[in-house]
Amino acid sequence: MTAIALSRLHFPVTTLGPGRRIGIWTQGCSLRCPGCLSPETWRFRREKTPVADVIAHLRPWLAQADGITVSGGEPFDQPQALAALLTAIRAEFHGDILVFSGYPFPVLNDELARMTGLIDALMSEPFEQDAPQTLRLRGSDNQRLHLLTPLGETCFARYNAPLPADEKVLDLAIDDAGVVSLIGIPRRDDMQRLNEFLTDRGHSFTPVLRDNKDRNRSL
Ligand code: SF4
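Residues numbered from 1 in each chain as written. Predicted model: local features only at pLDDT ≥ 70, side-chain atom pairs only at ≥ 80, totals over all residues. Heavy atoms only, no water.

Draft legend 1. Structural detail: unusual backbone geometry. A cis geometry characterises the amide bond from Phe-11 onward to Pro-12, with omega recorded as 0°. Position of Pro-12 relative to the elements: it lies in strand β2 (residues 6–13). Residue Gly-73 follows Gly-72 across a cis peptide bond; omega there is 5°. In this fold, Gly-73 is placed in the loop between β5 (67–71) and α2 (79–90). Of note in this structure, Arg-32 is not a glycine but carries a positive phi near 50°. Inspection of the secondary structure puts Arg-32 in the loop between β3 (21–26) and β4 (49–50). On the basis of relative accessible area, Arg-32 is assigned to the partly exposed category, the value being 44%. One non-glycine residue with positive phi stands out, namely Glu-125, at about 90°. Assignment of secondary structure puts Glu-125 in the loop between β7 (121–124) and β8 (144–147). (Helix = DSSP H or I, 4+ residues; strand = E, 2+ residues; numbered from the N terminus. Buried < 20%, exposed > 50% of the residue type's maximum accessible area, 1.4 Å probe, protein only.)

Draft legend 2. Here's a closer look at a nonpolar patch on the surface. Taken together, the side chains of Leu-37, Leu-172, Ile-174, Val-180, Leu-182 and Met-191 make up a nonpolar region of the molecular surface, amounting to roughly 540 Å² of accessible area. Mapped onto the nonpolar patch, the elements with two or more residues apiece are β9 (171–174) and β10 (180–183). Checked against the element boundaries, Ile-174 lands in strand β9. (Patch = residues over 30% accessible without salt bridge, like charges linked within 9 Å, V, L, I, M, F, W, Y side chains within 5 Å. Areas by Shrake-Rupley, 256 points an atom, 1.4 Å probe, with all protein chains shown as cover. Salt bridge = Lys/Arg side-chain N within 4 Å of Asp/Glu carboxyl O.)

Draft legend 3. Quick look at the pattern of salt bridges. Inspection of every chain in the model, using the stated rule, returns 7 salt bridges. With its nearest N and O atoms 4.0 Å apart, the salt bridge here joins Arg-45 to Glu-47. We classify Arg-45 as buried; its relative accessible area is 14%. Ionic pairing is found between Glu-111 and Arg-114, a salt bridge with its closest N-O pair at 3.2 Å. Note that Glu-111 and Arg-114 are positioned in helix α3 (residues 109–114) at a spacing of 3 residues, about one turn of the helix.

Read these as layout, nothing more, since geometry by itself doesn't imply function.
Given below as structure tokens:
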């Protein structure tokens, strides 16, 4: 049975594509872009979740979701598991699927050919911390949005555009263990502004690199 290493699952996500979305973050990234804001997702783990268990976990959300966003980690570091997961999702879900990858687009050609029809829109290219950050859905403007299906064209063509001021937002989620996560594409100074906001109100701010093994086990 195919299994996938996951960092976390969340619904609803409103900051990573149109509508109310399911967020799927894979665990493990070999690219290690300087300045990455998700280094807790880099480490590869033996613990994996069977795809059937992931689908069972997602099923209550699928009927409510407009789309699904898969990010990482690096989803294409587990290409067979990614394909199995997306195939299973496609069998039950008719919304759009957006996948983020840090690989250059030409590197993904073969894998994408094997996944034809499974991904509606793909964001490719590594995060570059010194590049400008002015475009929608990008952590850096070198990242490229590819519209791979007609549904991808419909849902994401408008995302090849500058980021409007009212989209400079992040979702905030608190899990059962009380861990607070910011979900979305952070602006470069968001962490500093959050630190200042909390410090001004008498709170301390300590970013935590979370160990995700318990999350994988709990699915
Ligand atoms: S590909 Fe994504 S998760 Fe991996 S290092 Fe780059 S920004 Fe971070």
